Structures are given as structure tokens and as C-alpha cells.
Amino acid sequence: MPVWITVRSLIPTRLLLLLCLLVSGVSAVRAQSDPQLTQYWAVPTLYNPAETGATDFLRIRGGAKLQWVGIKNAPQSFLAVADCPFQIAGKRIGVGANFVSEKLGLFQNLQVNIQASYKFKIFKGQLSIGVEGGYYNSKFKGSEIYIPEGDEYHQPDDPALPNSDLTGNAFDLSAGLSYTHKYFSVGLSGLHLLEPTVELNQEGTETADTHDFETMLGRMIYFTASGNIPLKNTLFTLQPSVLVKTDFRMVVPEVTMRATYNRFLSAGIGYRLNEAVSVMIGAEFKNFFLGYAFDYPLSKINRASSGSHEIIAGYSLKLDFSKKNRNAHRSIRLM
């Protein structure tokens, strides 16, 4: 029987942010596993470990997304990613790391991962195989559960509802492939391949009498593709891209079209099927990058929210593997 949990500070006249705990002896929740970034093209290693070391730069980027502004306790995501290439015995290796912190109503989730990839040339392009392993932590603020007065289905002393804060950890594993050519790039990855189940215990204790509550980090498949189309006799370049994610129960495609001027300024639009339309702007100057995106929701949630805001900033440091940099490789993406 589903149990609906609300947060005390929400405004019911606008919209209730609801969380559902499925309870039948053991309660389980499938957590939202990854932030839905509009500027996914700016942090490719977040969705595919094979993208590590894809350029001759040490790339460091961080960002935040505030979703559904105007609704208290709406999702908030904060992230940091870094990656760089190495040459070992003449072979190109990519390494990286990422950090993601999310607040989703009563849930607070943390992911920390390390990544590695191996690359080799094929069909005038570069094929990369990557793996990722890391730590996942989930916290549930059971102490903030609020049952409205007059609820005929649930009582404050319902044993199916946690009355204290819960936390749990798990190991996570992901893998991916990517192929980069002069004019295009494609990638396929599977994140959270083991679908780890996190047993939630009372915060501050090593174990609990019984693991009455669980949260699951759901497996997710990502397909990405992007292109680089110079406009003849101009300083403009068109950069279309697409991201499709699925957990085999739902499919969410997103398409983006950006135009870059003189490798400096960029602007674009995006569309996430049945969810949002987006506008974005960005700039790169002396290896610094700054990008901003705004999402306007297409669902009825726009009655309560003005939209979502996202910002990503970073720095790229050029790496030279030899005096002549014989192994130089340039990504088609805007760095």
C-alpha cells in the first residue's frame, strides 16, 4: 500500500511535493539517480565514463541546477567533474572523477565516482571504452514527515513510517563506449549497472534491528550524439546534440541546437519531450567556460513554478605529452 509523505514547509495552495514509500514488510523506493542537466553536452563525463580524456586538456567543471523555482523543497543538484588524458606506453588513457549532491524533497543523495577509459584509433576516429566505480549515499529525513490532520489512512504512530532520519551506503558501477570523429561523436553508457539497493538505518548507528526501509539506485541507459557543422565563409559553427535516457520503463529524449561564434560566444535552444523547452547561453575565454540555461516546464507544474535555472562553470588546462605534441586530439565539442 503506497504511503504519501509530505514536507511540513510546502505550500499546499501551490503544489505539494510528494514522495511515495512502498511498504509491505520492507519499504523500497526507486530514487532519481542522475541530475537532468540541460547543458549535458558541457559535462559529458557525468553521463559516460568513456568520455574521460577525450581532449588534450585537464577539464574541471562545476555547476548547479535549481529545479522548479517557486516550489519549496523542489529538486536541487550540485556537481563537480574533472578528467584528463595520459599516455602510457604509447597508449592513450583517460581518467576522471565526479561528485554529485542532490536534494529531492525528504531525500539527500550523494555520489562520488572515479573513472578510467582506454582509447584507440579506428575508422579515422577514436573509440573509447570506459568504466566507473564509486560510492553512493542516501539519507531520508524521516523526522520531517508530516501527516495532515484528519488523514483517514495514516496515523503519526504508523510503524510503516520512519520517525527518525535514515541513511545508507552502497557501491556503484557504470560503463560506457564512445566514438569521436572529426565531425561527430556518439556514445552509449549504462549507469548504476548493479542497481544497488541501499538499506536505510537510523542515522548515527551502524546497524538496525531490521532493515525496514530501502532505496534503490535505478539502472539507466544513456545514448548521446553531437555534431560540428562549420558554416561556410562565416565564423559560426552549428552544434546539434541529442541525449536519450531510459530505464526500460520510460524513455526521455532531449534535443539541443547551439550556434557558436568565433569559438567564444554560444547560444542555443533545447526541447525535452513533454517536459520542458530550454534556452542557453555560454562563453569561453582563455580556457574559462561559463554557461547558463533556463528551462520552462510544459506540464501543469508551470502553474506553481516559473521554471528551472542551471549554471556550469569551469577551466581547461592544456596538456602537452611531447615537445611536438604528436598525439594531439581535438574534441568536436565546445571546450
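Residues numbered from 1 in each chain as written. Predicted model: local features only at pLDDT ≥ 70, side-chain atom pairs only at ≥ 80, totals over all residues. Heavy atoms only, no water.

1. A look at the overall build of the chain
This is how the line gets drawn: Put simply, DSSP marks the helices as runs of H or I at least four residues long and the strands as runs of E at least two long, and each gets a number from the N terminus on. Think of it in three bands: residues with accessible area under 20% of the maximum for their type are buried, residues over 50% are exposed, and the middle band is partly exposed, with areas taken using a 1.4 Å probe on protein chains only. Areas reported here follow the Shrake-Rupley algorithm with a probe of radius 1.4 Å; residue values treat only the protein chains shown as occluding.
A tally of regular secondary structure across the chain gives 0 helices and 21 strands. When burial is assessed residue by residue, the chain has 48% of its 335 residues classed as buried. For the chain, the computed accessible surface area is about 17,000 Å², with 63% contributed by carbon and sulfur atoms.

2. Remarks on the packing of aromatic side chains
Threshold: Pairing of aromatic rings covers Phe, Tyr and the six-membered ring of Trp, with a centre-to-centre limit of 6.5 Å; geometry is then stacked below 30 degrees between planes, edge-to-face above 60, and tilted otherwise.
The final tally for this structure, using the stated rule, is 7 aromatic pairs. Arranged with centres 5.0 Å apart and planes meeting at 50 degrees, the rings of Tyr 47 and Tyr 222 form a pair that is tilted. Separated by 175 residues along the polypeptide, Tyr 47 in the loop between strand S3 (27-31) and strand S4 (57-69) and Tyr 222 in strand S14 (residues 220-227) bring together distant segments of the chain. Per residue, the accessibility class of Tyr 47 equals that of Tyr 222, and both read buried. Between the aromatic rings of Phe 236 and Tyr 261, the centroid separation amounts to 5.1 Å while the plane-to-plane angle is 50 degrees, which identifies the pairing as tilted.

3. Remarks on the pairing of strand S8 (residues 125-140)
Selection criterion: For two strands to be treated as a pair, DSSP must find at least two bridges joining them.
With 16 bridges joining them, strand S7 (residues 107-122) and S8 adopt antiparallel strand pairing. Looking at the pairing, Gln 111 lines up with Tyr 136 of S8. Taken together, S7 and the strand that follows it, S8, pair antiparallel across an intervening segment of 2 residues, in which Phe 123 is found at a positive phi of about 50 degrees. Bridge count for S8 against strand S10 (residues 166-180) is 15 bridges, and the pairing is antiparallel. Across the sheet, Asn 137 pairs through a bridge with Asn 169, a residue of S10.

4. Digging into the pairing of S14
Counting buried positions along S14 gives 6 out of 8 residues, so the element sits mostly inside the fold. Alignment of S14 against strand S16 (residues 236-246), held across 6 bridges, turns out to be antiparallel. Directly across from Thr 224, in S16, lies its bridge partner Leu 243.

5. A look at a nonpolar patch on the surface
Stated precisely, the cut-off is as follows: Patch definition: residues with relative accessible area over 30% and no salt bridge; like charges joined within 9 Å; nonpolar side chains (Val, Leu, Ile, Met, Phe, Trp, Tyr) joined within 5 Å. Within this document, salt bridges are pairs made up of a side-chain nitrogen of Lys or Arg and a carboxyl oxygen of Asp or Glu, the two lying within 4 Å of each other.
A contiguous nonpolar patch, built from Ile 229, Leu 231, Leu 235, Phe 236, Tyr 261, Phe 264, Leu 265 and Phe 285 and spanning about 720 Å² of accessible area, is present on the exposed surface. Topologically, Leu 235 is positioned in the loop between strand S15 (229-230) and S16.

6. Thoughts on the nonpolar core
Here is the rule we go by: Note on terminology: a nonpolar core comprises buried Ala, Val, Leu, Ile, Met, Phe, Trp, Tyr and Cys residues joined through side-chain atoms within 4.5 Å. The contact rule is simple, with two residues in contact once any of their heavy atoms fall within 4.5 Å.
Core analysis: the biggest nonpolar cluster contains 18 residues, and Leu 37, Trp 41, Val 43, Leu 46, Tyr 47, Leu 79 and Tyr 222 have the highest contact counts within it. Of all the secondary structure elements, the ones that give two or more residues to this core are strand S5 (76-88), S14 and strand S20 (288-297). Residues within four places of Tyr 222 in sequence aside, it is in contact with Asp 34, Tyr 47, Gly 187, Leu 188, Ser 189, Leu 191, Leu 243, Val 244 and Lys 245. Grouped together as the second largest cluster of nonpolar side chains are 14 residues, Leu 104, Leu 106, Ile 147 and Leu 200 included.

7. Here's the deal with the pattern of salt bridges
Under the counting rule described, the total for this entry stands at 10 salt bridges. One salt bridge in this structure joins Asp 56 and Arg 92, with 2.9 Å as the shortest N-O distance. With a gap of 36 residues between them, Asp 56 in the loop between S3 and S4 and Arg 92 in strand S6 (residues 91-104) connect regions that are remote in the sequence. When sorted by exposure, Asp 56 lands in the same class as Arg 92, which is buried. With a closest N to O distance of 3.7 Å, Glu 310 and Lys 65 form a salt bridge. Of this pair, Glu 310 sits in strand S21 (residues 307-318) while Lys 65 sits in strand S4, and the two are 245 residues apart along the sequence.

8. A look at unusual backbone geometry
Even without being glycine, Asn 73 reaches a positive phi, approximately 65 degrees. Within the secondary structure, Asn 73 sits in the loop between S4 and S5. Non-glycine residue Lys 124 carries a positive phi angle of around 60 degrees. As for its placement among the helices and strands, Lys 124 is situated in the loop between S7 and S8. Lys 124 gets classed as exposed once you look at its relative accessible area, which sits at 83%.

9. A look at the environment of Phe 120
Considering the arrangement of structural elements, one finds Phe 120 in strand S7. Of the residues examined, Phe 120 reaches a relative accessible area of 31% and is grouped as partly exposed. Excluding anything up to four places from it in sequence, Phe 120 contacts Gly 125, Gln 126, Leu 127 and Ile 129.

10. Let's talk about the environment of Gln 36
Mapped onto the secondary structure, Gln 36 falls in the loop between S3 and S4. Overall, the relative accessible area of 12% leaves Gln 36 in the buried class. C-alpha separation for the pair Gln 36 and Gln 67, spaced 31 residues apart in sequence, amounts to 9.4 Å. Leaving out residues up to four positions away in the same chain, Gln 36 has contacts with Tyr 47, Lys 65, Leu 243, Lys 245, Val 252, Glu 254, Arg 272 and Glu 310.

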